[in-house]
Amino acid sequence: MTPLFETERLIIRTWIPESDAEQAFKIYNDPEVTYFLGNGARVPTIKLQHQRLIENIERSRRRNNGTGSWAIVDKQTTTIVGTILLKELPDQDGLPTHDYEVGWHLRRASWGKGYATEAGQGMLKYGFNILNLPVIYAVVKPENHASIRVTQRLNMKPMGQTKNYYGIELLLFQLHAPGEKSGERGAASREQGAGGRER
Ligand SMILES: CC(C)(COP(=O)(O)OP(=O)(O)OC[C@H]1O[C@@H](n2cnc3c(N)ncnc32)[C@H](O)[C@@H]1OP(=O)(O)O)[C@@H](O)C(=O)NCCC(=O)NCCS
């Protein structure tokens, strides 16, 4: 399988449900990992994890716009250490907003090694250079300090709190494509500070 891209230590590739479900389950069955994700619910069985990966790939195929979520593989061990994603942010009703987010989930055993930052750097480059996005966001629950630190290492700019996405209060971070003048494009920059539109 052709990787989406490689970094120094990592390969970013499409999930393979049959062979990856068990390793994905190690990530999404862990309450420490899922605590800050969505509603915090863990994936209860490998079978359901397998199904989730299939649905995930199917959704990406339908969107057919280069967005999705991919496995992060450690080159040295070939272990899946996490997920890196780039996808359109939904509003509170799940409808598209035309704003795109980068996101990262690592299995517990792979925290503290810089993998989220390294995969995030690669994903931002992919979003800017291949998908031609003018701006990429990250949204983080306010208490998720480890994730906020990742946005800082990626030089993403804190834009304050927003309720424009997922229907919950989140911290918003943004990064403009190299050469894009900040303040010209993107929802968060259309309105100051609070990071987004009024509805
Ligand atoms: C958020 C999450 C991905 C952050 O993981 P992380 O390991 O802290 O982040 P990184 O992979 O960027 O690693 C950075 C850490 O590795 C250390 N590190 C070691 N080698 C490094 C290297 N080569 N490069 C960068 N950092 C390195 C850094 O010092 C830093 O540790 P510190 O925060 O204690 O200073 C992880 O906590 C996680 O998966 N949480 C659950 C899911 C989640 O909440 N996702 C985010 C939703 S918004």
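The notes below deal with the structure included here. (Residues numbered from 1 in each chain as written. Predicted model: local features only at pLDDT ≥ 70, side-chain atom pairs only at ≥ 80, totals over all residues. Heavy atoms only, no water.)

What about the pairing of strand S6 (residues 135-140)?
Step number 1: In terms of burial, S6 is a largely internal element, six of the six residues being buried.
Step number 2: Neither face of S6 is left uncovered, since the one carrying Val135, Tyr137 and Val139 and the one carrying Ile136, Ala138 and Val140 both have all their residues buried.
Step number 3: Bridging between S6 and strand S8 (residues 170-176) involves six bridges; their strand directions are antiparallel. Bridge pairing in S8 links valine 140 to leucine 171. (Buried < 20%, exposed > 50% of the residue type's maximum accessible area, 1.4 Å probe, protein only. Helix = DSSP H or I, 4+ residues; strand = E, 2+ residues; numbered from the N terminus. Pairing = 2+ DSSP bridges.)

What to know about the environment of arginine 13
Step number 1: By the secondary structure assignment, arginine 13 is in strand S2 (residues 10-13).
Step number 2: Setting aside chain neighbours within four positions, we find arginine 13 in contact with Met1, Pro3, Leu4, Asp20, Trp70, Ala71, Val73 and Ile80. (Contact = heavy atoms within 4.5 Å.)

Topic: the nonpolar core
Soluble globular proteins: nonpolar side chains tend toward being buried together.
Step number 1: Core analysis: the largest hydrophobic core is formed by 31 residues, its most contacted members being Ile12, Ile84, Val102, Trp104 and Met123.
Step number 2: Secondary-structure elements contributing two or more residues to this core are S2, strand S3 (68-74), strand S4 (80-90), strand S5 (96-106), helix H4 (115-129), S6, helix H5 (145-153) and S8.
Step number 3: Setting aside anything within four residues of it in sequence, one finds tryptophan 104 in contact with Thr83, Ile84, Ala116, Gly120, Ala138, Ser147, Val150, Thr151, Leu154 and Met156.
Step number 4: By size, the runner-up hydrophobic cluster in this structure holds 12 residues, among which are Trp15, Ala21, Ile57 and Ile80. (Core = buried A, V, L, I, M, F, W, Y, C linked by side-chain atoms within 4.5 Å.)

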